Amino acid sequence: MNTVATTTIIDLPAFVVHGMGTRTTNVDELGIANARLPQLWASYLHDKAQHPSASSQHAPTYALYTDYESDANGAYTVVIGQQADDHLEQPITRQRQLEITVPASRYMVFTTSKGPVFETVAQTWGTIWNYFEHASEVRTYTGDFEVYESTANPEQAEVKIYIAIQS
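Think of each chain on its own: its residues are numbered from 1, step by step along the sequence as written. Only residues with pLDDT of at least 70 get local features here, since the model is predicted, and only at 80 or more are side-chain atom pairs given and counted; chain-wide, interface and lining totals rely on the full set of residues. Only heavy atoms go into the side-chain values, all of them from the structure, while hydrogens and water stay out.

## Section: the layout of surface pockets
Sizing a probe to match a water molecule and rolling it over the atoms shows the empty space that remains.
Then, in step 1: Definitions used for this entry: grid spacing 1 Å over protein atoms alone; cavity, a set of points where a 1.4 Å probe fits but cannot get out; pocket, an open set with protein on both sides within 12 Å along at least 5 of 7 lines; lining residue, one with an atom within 4 Å of a point. Grid points are joined across faces, edges and corners, and a volume is the space filled by probe spheres set on the points. Counted as a void, the largest pocket has a volume near 520 Å³.
Then, in step 2: Along the wall of the largest pocket there are 21 residues; nearest its centre are E29, L37, Y65, A122 and W125.
Then, in step 3: Strands are runs of DSSP state E lasting at least 2 residues, helices are runs of H or I lasting at least 4, and numbering of each runs from the N terminus. Those elements that place two or more of their residues in the lining of the largest pocket are α1 (26–30), α2 (37–50), α4 (117–133) and β7 (144–148).
Then, in step 4: Counting residues per element, the lining of the largest pocket draws most heavily on α4, at five residues.
Then, in step 5: Note on residue categories: nonpolar means Ala, Val, Leu, Ile, Met, Phe, Trp, Tyr, Cys or Pro, charged means Asp, Glu, Lys or Arg, and polar means any other residue, Gly included. Classifying every residue of the lining of the largest pocket by side-chain character gives 16 nonpolar, two polar and three charged.

## Observations regarding α2
Then, in step 1: For α2, built from 14 residues, the straight-helix expectation of 20 Å at 1.5 Å per residue is met to within 8% by its first-to-last C-alpha distance of 20 Å.
Then, in step 2: Three or more residues of α2 are buried, namely L37, L40, W41, S43, Y44, D47 and K48. Projected onto a plane normal to the axis of α2, the buried residues spread over an arc of 165° and lie on a single side. The outward face of α2, more than 90 degrees from its buried face, is lined by the exposed residues P38, Q39 and A49. For a helix, the expected span equals 1.5 Å multiplied by the residue count minus one. Here the term buried applies to any residue with accessible area under 20% of the maximum for its type, exposed to any over 50%, and partly exposed to those in between, with areas from a 1.4 Å probe on protein chains only. Note that the arc is computed from the directions linking the helix axis to the C-beta atoms.

Okay, here's the thing in structure tokens:
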């Protein structure tokens with residue numbers, strides 16, 4: 001299955017994501033015993049369901065990858081949440097809420113094909129890692145993110161993955 005439907009390059013200004021996070025590595029996420037992301041997603045979705053608001057239920061969810069130790073092989077922080085907006089009531093409880101700034105950057109945007117969300121996203125990350133092994137574009141590891149539209153059917157979702165690159 002081809003998991004990348006399209007690829008584009010865009011420049012975005014900085015913005016803030018409110019959410020909850022964890023620190024992990026790709027090696028840990030490949031193993032069942034040390035994987036932290038499934039629990040982070042479960043906690044986020046549970047908290048979002050426990051604190052619903054009309055505005056936050058329809059806002060996209062972001063999975064931000066930041067604070068990279070080095071590159072795709074080092075530790076990094078993942079924050080799952082929503083873009084901060086003065087008019088958007090945040091679904092995450094105050095005790096668990098992080099506020100992280102996504103830096104202004106040039107981003108290469110990979111759009112997954114439609115399919116089961118966690119399957120297509122994982123496959124697309126594999127494609128991204130392979131792509132950057134020989135690409136002319138250079139990753140900056142300053143802040144990458146995924147955008148999940150809240151109205152998407154999880155079995156036929158299309159996710160955009162933004163990878164920060166040098167200008």
